[in-house]
Amino acid sequence: MDLSLSHSIIPTPIIPHNKSHTFNFTLFPNFPNSNSQSKHFLRKPLISRQNHPIRIRAQTPNVNNNNDNDGFVLEDVPHLTNFLPDLPSYPNPLQNSKAYAIVRQTFVHPEDVVAQKVVVQKDSPRGVHFRRAGPPEKVYFKSEEVRACIVTCGGLCPGINTVIREIVCGLNVMYGVDDILGIEGGYRGFYSKNTMRLTPKAVNDIHKRGGTFLRTSRGGHDTHKIVDNIQDRGINQVYIIGGDGTQKGAALISKEVEKRGLQVAVAGIPKTIDNDIAVIDKSFGFDTAVEEAQRAINAAHVEVESVENGVGIVKLMGRYSGFIAMHATLASRDVDCCLIPESPFYLEGRGGLFEFVEERLKENGHIVIVLAEGAGQEYVAQDLHQVDEKDASGNRLLLDVGLWLSHKIKDHFTNFKKMAINMKYIDPTYMIRAIPSNASDNIYCTLLAHSAVHGAMAGYTGFTVGPVNSRHAYIPIARVTETQNIVKLTNRMWARLLASTNQPSFLNSDEGIPEKVDQEPTEVMNSVKITSV
């Protein structure tokens, strides 16, 4: 199917829903002629989301059947020409690059899109698509006029320095940009800290270090102050590396830039070690975190194997999502039980954790439990009579569920079962997030950085980048911040873990699991009776 897709839709009159019309719109009005013939689309009510760019729903005749509605939806990203229609374009400098000279197709085609859902049925709608990332044939910035800046916000994560390095090197080597600033100390750095000059030489080996070369902070987002600073410094490309709250801030900056009519491209690079960013396949640093978690799990296993009735508890990162704990458990094969925020658990009674620990101790003489930091928080708060507190980013401050569970298990077996156990508690959470990224994440971070650079040079703004079904795409920021990616208890991956560990599901067997397989875990839990601690 040949579809012409635009980043900038020419407004059309509102058409009554009970009438069918065809219309043409110009695709990439500032792009050179791509030799595409004009296409016809059947006008239908457009699906829209609050704070989202318009979804483009396209219907074209299907030669295989009489249904002319194939359910194609493009969730496009904003472009500078949306509010600066007379913005000139220029040939991409990459066309003269020796590195790209042997590439068969240097530039992405303006009609290339990436499907969000890769598995479909024969007659099902084509579904949601995103614009494919990559170098464009035309750019909207002259290289010598670009002044870019990079900022990192929020918590640490393996790979941040690699992203910084590759944005700098990508801008410089691919596009000949020399004027690049590093904003120190997170969002506050725009108006309260000094900046530093970033050159390929200055960032040459930072990928070998953990943390962030630019330093970071939480909170401090003041949209007007930030955009004032961007405007005063003459910055026209902003690269923002951070998690959910940071990306929401990037969206606000993009909207304020548009309101002021500034030629400033705002690109987000999503970051979270927990892998809880929606839409994209996974977040950078996740593979490194899972790999490093193996060291802690292996240490716990060695410890508990070497003593009588050894109980090892390893607490891993995972505030709201248990992906690190789940994947580390599946990779390890030494874990007996995995507890995550999405799956409530209980201690006492039939099918409870105490019963399972006792069975494993009798069977194997030891047990290893992997615990995500966000699991069981309601139990800890209830037991310690704590109230919810939040950090500067608005995240709930977590109580130490690892120490709490260690004390609970030891107290139960010592005082009630009169059974001596050897407790080994390991908390490597900050060690895991502070290390440099591994080889896989280094490559991934390079692709993320280059995709962001290509997108900004192409004139896109208010977008974030990431792999969707293994193809990098430009995604509206609102799509990755409207919800969090979580482990779905009704999916096969969690079933694989339960089969691997042979642990209880901690669901009341009388109630069962709902038949609907696409429910969120919170919905599943609402329909299942949970025995309280």
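The shown structure was predicted, so the numbers you read here are calculated from the model rather than taken from an experiment.

1. Notes on unusual backbone geometry
Inference 1: We note that Asn 309 has phi near 50°; this positive angle belongs to a residue other than glycine.
Inference 2: Looking at where Asn 309 falls in the secondary structure, it is placed in the loop between helix H5 (286–305) and strand E14 (310–316).
Inference 3: Given a relative accessible area of 13%, Asn 309 falls into the buried group.
Inference 4: Although it is not a glycine, Lys 418 adopts a positive phi angle of roughly 50°.
Inference 5: Note on Lys 418: relative accessible area 68%, which makes it exposed.

2. Regarding the pairing of strand E16 (residues 366–372)
Inference 1: Across the seven residues of E16, seven count as buried, placing the element largely inside the fold.
Inference 2: Neither face of E16 is left uncovered, since the one carrying His 366, Val 368, Val 370 and Ala 372 and the one carrying Ile 367, Ile 369 and Leu 371 both have all their residues buried.
Inference 3: Inspection of the sheet shows strand E15 (residues 337–339) paired to E16 by three bridges, in the parallel sense. Along E16, the bridge assignment pairs Leu 339 with Leu 371.

3. Concerning the pattern of salt bridges
Inference 1: Enumeration over the complete set of coordinates arrives at 22 salt bridges.
Inference 2: In this structure, Asp 179 engages Arg 147 in a salt bridge whose closest nitrogen and oxygen atoms are separated by 2.8 Å. Remark: Arg 147 occurs in strand E9 (residues 147–152) and Asp 179 occurs in strand E10 (residues 179–183); sequence separation between them is 32 residues.
Inference 3: Note on Arg 147: relative accessible area 22%, which makes it partly exposed.
Inference 4: A salt bridge links Asp 383 to Lys 408, with the nearest nitrogen and oxygen atoms 3.1 Å apart. One end of the pair, Asp 383, is in helix H8 (residues 377–384); the other, Lys 408, is in helix H9 (residues 401–416), and 25 residues separate them in sequence.
Inference 5: The partly exposed category is assigned to Lys 408, whose relative accessible area is 25%.

4. Details of the UniProt feature "binding site: Mg(2+)" (unreviewed entry) in the chain
Inference 1: In this structure's numbering, the residues bearing the UniProt feature "binding site: Mg(2+)" (unreviewed entry) are Asp 244.
Inference 2: Here Asp 244 is to be found in helix H4 (residues 244–260).
Inference 3: If near-sequence neighbours (up to four positions away) are discounted, Asp 244 is found in contact with Val 480 and Thr 481.

5. Points about the sheet that holds E14
Inference 1: Pairing within the open sheet is parallel, and its four strands lie in the order E15-E16-E14-E17. Only two strands of the sheet have a single neighbouring strand rather than two, namely E15 and strand E17 (422–426). Along the sheet, successive strands turn relative to each other by an average axial angle of 15°, direction set aside.
Inference 2: Here seven bridges tie E14 to E16, and the two strands are oriented parallel to one another. Within E16, the residue paired with Gly 310 across the bridge is His 366.
Inference 3: The strands touched by H5 within the sheet are E14, E16 and E17, with E16 carrying the most contacts at an inclination of about 150°.

6. Overview of the side chain of Ser 332
Inference 1: Structurally, Ser 332 is set in helix H6 (residues 323–332).
Inference 2: Ignoring sequence-local partners within four residues, the contact set of Ser 332 consists of Gln 294 and Ile 297.

7. Remarks on helix H7 (residues 353–364)
Inference 1: The end-to-end C-alpha distance of H7, which contains 12 residues, comes to 16 Å, matching closely the 16 Å that a straight helix rising 1.5 Å per residue would cover.
Inference 2: Listed as buried for H7 are Leu 353, Phe 354, Phe 356, Val 357, Glu 358, Arg 360 and Leu 361.
Inference 3: Against E14, E15, E16, H9 and helix H13 (492–501) lie the buried residues of H7.
Inference 4: Downstream of H7 by a residue or two, Gly 365 has a phi angle that is positive, lying close to 85°.

8. Re the UniProt feature "binding site: substrate" (unreviewed entry) in the chain
Inference 1: Residues annotated in UniProt with the feature "binding site: substrate" (unreviewed entry) correspond here to Thr 272, Ile 273, Asp 274, Met 317, Gly 318, Arg 319, Glu 373, Tyr 430, Met 431, Ile 432 and Arg 433.
Inference 2: Topologically, Thr 272 is positioned in the loop between strand E13 (265–270) and H5.
Inference 3: For Thr 272, a relative accessible area of 11% translates into the label buried.
Inference 4: Ignoring anything within four residues of it in the chain, the contact list for Thr 272 reads Cys 157, Ile 277, Ser 283 and Phe 284.
Inference 5: Note that Tyr 430 resides in helix H10 (residues 429–433).
Inference 6: The exposure class assigned to Tyr 430 is exposed, which follows from its relative accessible area of 56%.

Rules behind the numbers
- Residues numbered from 1 in each chain as written.
- Predicted model: local features only at pLDDT ≥ 70, side-chain atom pairs only at ≥ 80, totals over all residues.
- Heavy atoms only, no water.
- Helix = DSSP H or I, 4+ residues; strand = E, 2+ residues; numbered from the N terminus.
- Buried < 20%, exposed > 50% of the residue type's maximum accessible area, 1.4 Å probe, protein only.
- Pairing = 2+ DSSP bridges.
- Salt bridge = Lys/Arg side-chain N within 4 Å of Asp/Glu carboxyl O.
- UniProt positions renumbered as here; feature names shortened; annotations may be inferred.
- Contact = heavy atoms within 4.5 Å.
- Axes fitted to C-alpha atoms, helices over the stretch in contact; angles between N-to-C directions.
- Expected span 1.5 Å × (residues − 1).

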